[in-house]
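Chain by chain, the residues:
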Amino acid sequence: MWVKGLPFKILFFMWKVWKAKLPLDDYMKNMGYLMPSRCWCCAQPAEETLAHLFLSSVAVKKVWSYFLMNASINLEGMTMHQTIVKCWTLKVIPRLQPIIQALPVIILWELWMRRNNYKHEPIEHHGAVYTNTQVLWELPPQGWIKVNSDGASRGNLGRSSIGFALRDDEGKIRFSCGKVIHVTTNNEAEALSIMEALKYCEDKGFKQIIL
C-alpha cells in the first residue's frame with residue numbers, strides 16, 4: 001500500500017483503512033461506545049460502517065465503477081479488500097501500473113475527505129447555516145452557587161419537561177432535578193425551570209446565586 005509519489009498522510013490513512021482502524025461508527029461501537037449511527041454521504045442514510053462508506057453505498061459504487069469499468073474489474077460480490085488487491089495485482093502495461101496501483105488509495109482518500117466535509121463542515125438548510133460552537137462553563141466566584149436551567153416542549157405546545165442543576169465554586173453539583181410537567185410551550189417551560197430552581201435555592205438558604 002506504500003505507493004511511491006503519494007503523501008505519507010494518505011498512505012498512513014490507507015494503512016488504517018486496511019486494518020479497519022478509522023474512527024467510524026462501527027469501530028466506535030466495537031470499542032464499546034454505543035451511539036446512533038448514520039452515513040453522512042447518503043440521501044437515505046444507513047449505518048456508517050467501513051464497508052458501507054468505502055464500497056457498498058450507491059454513490060460509492062458509481063465512483064468505483066466509473067474508474068474500474070475500463071480495466072474490466074467487476075465489483076459484484078467483492079469485498080473492499082479484494083477490490084483493492086485486484087487493483088494492486090492487475091496485469092497492465094508497465095506505464096499504467098503505478099496509476100492503477102495508486103487508484104484505490106486516491107479513491108478512498110477522496111471518499112474519506114467527502115465524508116468529513118459533510119459531517120464536520122457547516123451545512124446550509126433552507127437558507128440557515130448551522131455551526132458548532134464550543135462553550136466553556138466557568139466556575140462561579142467563591143461562596144456563590146451557579147444555576148443552569150432548561151425547559152423544552154415537544155411540539156411547542158406539547159409534552160414538556162424542565163431541569164436544573166446547582167454547582168458550587170468548585171464545580172461540584174450540589175443538587176440537580178429533571179421532571180415532566182404539564183402540556184405547555186417552550187417559553188413557559190423555560191420560565192418554570194427558572195422558578196423551580198430559584199424556589200429550591202430560597203428553601204435551602206442560598207443567597208448568592210448566578211442563574
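Structure's up top.
This structure is a prediction, so every number in the text was calculated from the model and none was measured.

**Concerning the side chain of Ser160**
Here Ser160 lies in strand β4 (residues 158–167). For Ser160, a relative accessible area of 2% translates into the label buried. In terms of polar contacts, Ser160 uses its side chain to reach the side chain of Ser153, at 3.4 Å. Side-chain polar atoms of Ser160 contact the backbone oxygen of Gly158, separated by 2.8 Å.

**Observations regarding helix α6 (residues 97–120)**
End to end, α6 covers 35 Å across 24 residues, agreeing with the expected 34 Å (1.5 Å per residue, within 8%). Within α6, burial applies to Ile100, Ala102, Leu103, Pro104, Val105, Ile107, Leu108, Trp109, Leu111, Trp112, Arg115 and Asn116.

**Considering the pattern of salt bridges**
With the rule as written, the count across this model stands at 4 salt bridges. Its salt-bridge partner being Arg115, residue Glu48 comes within 2.8 Å of it at the nearest N-O pair. In this pair, Glu48 is assigned in the loop between α2 (25–30) and α3 (50–56) and Arg115 in helix α6, connecting sequence segments 67 residues apart.

**Overview of the packing of aromatic side chains**
Geometry of an aromatic ring pair is reported as the spacing of the ring centres plus the angle between the planes. Applying the stated rule across the entire model yields 10 aromatic pairs. A network of ring pairs unites the aromatic residues Phe13, Phe54, Trp109 and Trp112 as a single cluster. The ring centre of Trp40 lies 4.4 Å from the NZ or CZ of Arg38, which sits over that ring. Across the ring face of Trp137, the terminal group of Arg167 is positioned such that the distance to the ring centre comes to 5.1 Å.

**Remarks on the nonpolar core**
If you look at the biggest cluster of nonpolar residues, it comprises 33 residues, and the most contacted ones within it are Phe13, Leu22, Phe54, Trp64, Leu108 and Trp112. Mapped onto this core, the elements with two or more residues apiece are α1 (8–18), α3, α4 (58–68), α5 (80–89) and α6. In terms of residues, this core owes the most to one element, α6, which gives 9 residues. In this structure, Leu108 is in contact with Phe13, Met14, Val17, Phe54, Trp64 and Ile84, ignoring residues within four places of it in sequence.

**A look at the packing of α1 against α5**
Their axes nearest at 11 Å, the elements α1 and α5 cross at an angle of 135 degrees. Relative to α5, the element α1 is oriented oblique. Here Met14, Val17 and Trp18 of α1 come into contact with α5, specifically with Met80, His81, Ile84, Val85 and Trp88. When its residues are assigned to classes, the contact of α1 with α5 shows 7 nonpolar, 1 polar and no charged.

Rules behind the numbers
- Residue indices begin from 1 for each chain and proceed along its sequence in written order.
- In keeping with the model being predicted, local features are shown solely for residues with a pLDDT of at least 70 and side-chain atom pairs are shown and tallied solely at 80 or more, while totals for entire chains, interfaces and linings include all residues.
- Excluding hydrogens and water, the side-chain figures rest on all heavy atoms present in the structure.
- Secondary structure elements follow DSSP: runs of H or I of four or more residues count as helices, runs of E of two or more count as strands, with numbering from the N terminus.
- Type-normalised accessible area, obtained with a 1.4 Å probe on protein chains alone, sets the label of each residue: buried when under 20%, exposed when over 50%, and partly exposed for intermediate values.
- Residues adjacent in sequence count toward polar contacts only when both atoms are side-chain atoms; beyond that, a polar contact is any pair of N or O atoms within 3.5 Å, and within protein one must be able to donate a hydrogen and the other to accept it.
- The span expected for a helix works out to 1.5 Å for each residue beyond the first.
- Any carboxyl oxygen of Asp or Glu that lies within 4 Å of a side-chain nitrogen of Lys or Arg is treated as forming a salt bridge with it.
- Any two of the Phe, Tyr and Trp rings considered here, Trp counted by its six-membered ring, make a pair once their centres fall within 6.5 Å; the pair's planes then place it as stacked at under 30 degrees, edge-to-face at over 60, or tilted in between.
- Charge-over-ring contacts are defined here by two conditions on Lys NZ or Arg CZ: a distance within 6 Å of the ring centre and an angle within 35 degrees of the ring normal.
- Nonpolar cores are built from buried Ala, Val, Leu, Ile, Met, Phe, Trp, Tyr and Cys residues. Side-chain atoms within 4.5 Å join them into one set.
- Whether two residues are in contact is decided by their heavy atoms, any of which lying within 4.5 Å being enough.
- In this description, a line fitted to the C-alpha atoms serves as the axis of each element, helices being fitted only across the stretch in contact, and the angle between N-to-C directions of two axes falls anywhere from 0 to 180 degrees.
- For classification purposes, angles smaller than 35 degrees are called roughly parallel, those larger than 145 roughly antiparallel, those between 65 and 115 roughly perpendicular, and all remaining angles oblique.
- Lys, Arg, Asp and Glu make up the charged group, whereas Ala, Val, Leu, Ile, Met, Phe, Trp, Tyr, Cys and Pro make up the nonpolar group; the residues left over, Gly among them, are polar.

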